[in-house]
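Per-entry structural report
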There are 2 protein chains.
Amino acid sequence: MATDSPAGEPPPGGQRVDARRNRQAVLDAAAEVFVTSGVDAPIRRIAARAGVGMATIYRHFPTRADLVTAVYRHQIEACAEAGPRLLAEADSPFDALRRWIDLFVDFLVTKHGLADALRSEDDRFAALHSYFLDRLLPVCGQLLDAAVEAGDIEAGTRPYELMRGIGNLCIGHENDPRYDPRRLIALLLQGLRQPPAP
Amino acid sequence: MATDSPAGEPPPGGQRVDARRNRQAVLDAAAEVFVTSGVDAPIRRIAARAGVGMATIYRHFPTRADLVTAVYRHQIEACAEAGPRLLAEADSPFDALRRWIDLFVDFLVTKHGLADALRSEDDRFAALHSYFLDRLLPVCGQLLDAAVEAGDIEAGTRPYELMRGIGNLCIGHENDPRYDPRRLIALLLQGLRQPPAP
DNA sequence: TATTAAGTGGAGCGATGCTCCGTTTTCCTG
DNA sequence: CAGGAAAACGGAGCATCGCTCCACTTAATA
């Protein structure tokens with residue numbers, strides 16, 4: 001708690017060099033392990049891979065969610081920053097929304113178990129949930145509002161609901177060629193569309 | 001394996017009375033525990049509640065999924081049987097599909113963690129997955145086909161995809177008043193709808 | 001009643017999450 | 001450049017849980 005801010009930003013400079021080195025080693029190891037074993041990988045394994053003790057991981061990242069957010073922080077930021085950009089360069093607000101959701105889905109789909117973790121009621125993941133929401137909800141809301149204002153979609157859909165739904169739809173697509181989240185998400189967006197004025 | 005069929009039907013009569021009694025005790029205890037602690041509740045707890053040893057549970061229900069399906073078997077059957085009935089009595093095939101999905105969602109939403117278990121990649125739940133699919137997929141397919149044939153919805157959506165999506169959308173709604181799966185499912189259905197012929 | 005096989009229960013093993021605390025390392029100060 | 005305080009470390013240790021194994025109990029049968 002005292003050594004790291006919850007959202008996983010790089011810590012302030014007042015740390016010992018060994019602490020900083022270990023922190024980075026843990027981050028690197030976690031990134032590797034997450035790819036093969038998902039974000040639920042045993043802490044022991046990450047610690048072993050990083051060549052540190054378990055306590056070191058817990059000290060730097062009190063919660064599993066802190067570790068996960070730290071590992072994926074750059075990609076989450078990129079996704080957040082893409083929102084306004086897409087809104088500016090896309091053909092329509094609806095198109096921007098669609099393309100932004102594509103980015104979000106790409107991100108979720110390539111991280112084993114991330115979508116599962118996101119919706120988890122497990123307290124260990126509460127901070128992950130919060131970080132995603134804090135960072136991406138406003139972006140999603142902005143896109144939704146713009147699409148509503150342009151008359152592309154009906155009003156009344158809240159960003160939280162939409163993002164939760166998309167996250168949920170991305171769960172468990174691995175090892176199941178019969179299930180393609182993107183098709184359903186496209187359907188969802190289709191349903192969101194404003195029926196053309198009579 | 002030798003004492004129970006995978007889908008959780010009542011076993012054939014050739015059992016000792018104590019075995020039959022214990023089986024029922026386990027079923028009752030599991031039903032109670034599932035309500036409060038979800039379908040992930042520790043086997044130990046269910047065993048304690050039923051007043052039996054853990055091995056007794058594992059002997060009757062080799063897999064957690066077997067226990068879960070046995071507990072909910074009647075409701076799954078009811079849902080399966082409702083399909084054709086709705087198709088006969090609803091205003092349109094699309095209406096039947098909508099009402100059937102309502103039933104399915106009601107079922108999922110009232111069982112803590114059931115939706116989670118359904119999509120789980122955990123091998124322990126493979127049989128649960130199979131049972132749901134075997135029993136409900138044909139029903140869903142029939143409703144979809146009818147709706148397509150009536151021109152209510154576009155062709156090309158496979159039952160498996162739809163059911164997986166609905167199941168996924170039902171995950172994690174508990175303790176979160178901001179998330180209502182039904183709204184998103186309605187949106188999904190809306191997207192499925194055939195745009196009225198020009 | 002005696003025999004037997006079906007049935008039972010819980011100790012025990014391995015895996016995992018998380019903490020506690022004695023030890024080591026860094027860094028600052030005199 | 002010592003020397004000591006504080007920061008950081010690491011892994012043993014406890015708790016929980018899934019699942020198995022096997023000595024014991026009990027119902028059915030001859």
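Note that this is a predicted model, so its numbers are computed, not measured.

Conventions we followed
- Residues numbered from 1 in each chain as written.
- Chains lettered and ligands numbered in written order.
- Predicted model: local features only at pLDDT ≥ 70, side-chain atom pairs only at ≥ 80, totals over all residues.
- Heavy atoms only, no water.
- Contact = heavy atoms within 4.5 Å.
- Buried area = accessible area lost by both parts, 1.4 Å probe.
- Salt bridge = Lys/Arg side-chain N within 4 Å of Asp/Glu carboxyl O.
- Polar contact = N/O pair within 3.5 Å; in protein donor to acceptor, adjacent residues only side chain to side chain.
- Helix = DSSP H or I, 4+ residues; strand = E, 2+ residues; numbered from the N terminus.
- Nonpolar A, V, L, I, M, F, W, Y, C, P; charged D, E, K, R; others polar.
- Buried < 20%, exposed > 50% of the residue type's maximum accessible area, 1.4 Å probe, protein only.
- Near = heavy atom within 4 Å.
- UniProt positions renumbered as here; feature names shortened; annotations may be inferred.
- Axes fitted to C-alpha atoms, helices over the stretch in contact; angles between N-to-C directions.
- Parallel < 35°, antiparallel > 145°, perpendicular 65-115°, else oblique.
- Left-handed = near helix turned anticlockwise from the far one by under 90°.
- Core = buried A, V, L, I, M, F, W, Y, C linked by side-chain atoms within 4.5 Å.
- 1 Å grid on protein atoms, 1.4 Å probe; cavity = no way out; pocket = protein on both sides within 12 Å on 5 of 7 lines; lining within 4 Å.
- Points joined across faces, edges and corners; volume = space filled by probe spheres on them.
- Least-squares fit on C-alpha atoms with pLDDT ≥ 70 in both.

Considering the interface of chain A and chain B
Each partner contributes to the interface: chain A provides 29 residues, whereas chain B provides 28 residues. Of the roughly 2,700 Å² buried between chain A and chain B, counting both surfaces, carbon and sulfur atoms make up 52%. Here chain A is connected to chain B by six salt bridges. The tally of links between chain A and chain B comes to 23 residue pairs in polar contact (both at pLDDT 80 or more). Those elements giving two or more residues to the side of chain A that touches chain B turn out to be α6 (114–119), α8 (159–169) and α9 (181–192) of chain A. When its residues are assigned to classes, the side of chain A that touches chain B shows ten nonpolar, eight polar and eleven charged.

Structural notes on the pattern of salt bridges
Residues and elements named next belong to chain A. One pass over the structure, following the stated rule, counts 26 salt bridges over all chains. The partner of aspartate 106 in a salt bridge is arginine 182, and the shortest N-O contact between them spans 2.6 Å. With a gap of 76 residues between them, aspartate 106 in helix α5 (residues 93–109) and arginine 182 in helix α9 connect regions that are remote in the sequence. Judged by its relative accessible area of 35%, arginine 182 falls in the partly exposed class.

Side note on the protein's contact with DNA strand C
Within the structure, DNA strand C sits among 26 residues, and B:Arg16, B:Asn22, B:Ala55, B:Thr56 and B:Arg59 are positioned closest to it. The share of sugar and phosphate among atoms of DNA strand C within 4 Å of the protein is 54%. Contact between DNA strand C and A:Arg16: a base oxygen at 3.0 Å from a side-chain N or O atom of the residue. In the environment of DNA strand C, a base nitrogen lies 2.5 Å from a nitrogen or oxygen atom belonging to the side chain of B:Arg16. Among the elements of the structure, α1 (17–37), α2 (43–50) and α3 (54–60) of chain A together with α1 (17–37) and α3 (54–60) of chain B are those that each provide at least two residues to the surface near DNA strand C. Among the elements that take part in the surface near DNA strand C, α3(B) stands out by supplying five residues, more than any other. Across the surface near DNA strand C, the residue classes break down as ten nonpolar, six polar and ten charged.

Things to note about unusual backbone geometry
Generally, phi is negative for residues other than glycine and the peptide bonds are trans, each holding for most cases. If you check the backbone angles, A:Asn175 has positive phi at about 55 degrees while not being a glycine. Within the element layout of this structure, A:Asn175 appears in the loop between α8 and α9.

Focus on the protein's contact with DNA strand D
Close contacts around DNA strand D come from 25 residues, with A:Arg16, A:Asn22, A:Ala55, B:Arg44 and B:Met54 the closest. The sugar-phosphate backbone supplies 58% of the atoms of DNA strand D found within 4 Å of the protein. Backbone polar atom of A:Asp18 to a phosphate oxygen of DNA strand D: 3.5 Å apart, as the coordinates give it. Between B:Ile43 and DNA strand D, the recorded distance is 3.2 Å, taken from a backbone N or O atom to a phosphate oxygen.

Some points on the UniProt feature "domain: HTH tetR-type" (unreviewed entry) in chain A
Look at the UniProt record and you will see "domain: HTH tetR-type" (unreviewed entry) annotated at residues 20–79 of chain A. For the annotated span residues 20–79 of chain A, helix accounts for 82% and strand for 0% of the residues, and the straight-line distance between the end C-alpha atoms is 27 Å.

Thoughts on the packing of helix α8 (residues 159–169) of chain B against helix α9 (residues 181–192) of chain B
All names here are of chain B. Direction vectors running N to C along α8 and α9 enclose 155 degrees, while the axes themselves pass 9 Å from each other. By the angle between their axes, α8 is roughly antiparallel relative to α9. α9 is crossed by α8, and the crossing has right-handed handedness. Side by side, α8 and α9 meet where Leu162, Ile166 and Leu169 of the first sit next to Pro181, Leu184, Ile185 and Leu188 of the second. In terms of residue class, the contact of α8 with α9 is made up of seven nonpolar, no polar and no charged.

Regarding the nonpolar core
Among the nonpolar cores identified, the biggest contains 134 residues, and A:Leu67, A:Trp100, A:Phe132, B:Leu67, B:Trp100 and B:Phe132 are the most heavily contacted of them. Those residues in contact with A:Leu67, other than ones at most four positions away along the chain, are A:Val26, A:Leu27, A:Ala30, A:Phe34, A:Ile46, A:Ile57 and A:Phe61.

Describing the layout of surface pockets
Estimated volume of the largest pocket: approximately 720 Å³. When the residues that make up the lining of the largest pocket are grouped by side-chain class, the tally is seven nonpolar, twelve polar and 14 charged.

Overview of the relation of the copies chain A and chain B
Once chain A has been moved 0.0 Å along the axis and rotated by 180 degrees, it coincides with chain B to within an RMSD of 0.1 Å. Here the transformation between the copies is reduced to the relation of a two-fold axis. By C-alpha distance to the rotation axis, the residue of chain A lying nearest is A:Gly191, at 1.8 Å. A share of 97% of the interface residues of chain A reappears at the interface of chain B, consistent with the copies meeting face to face through the same patch.

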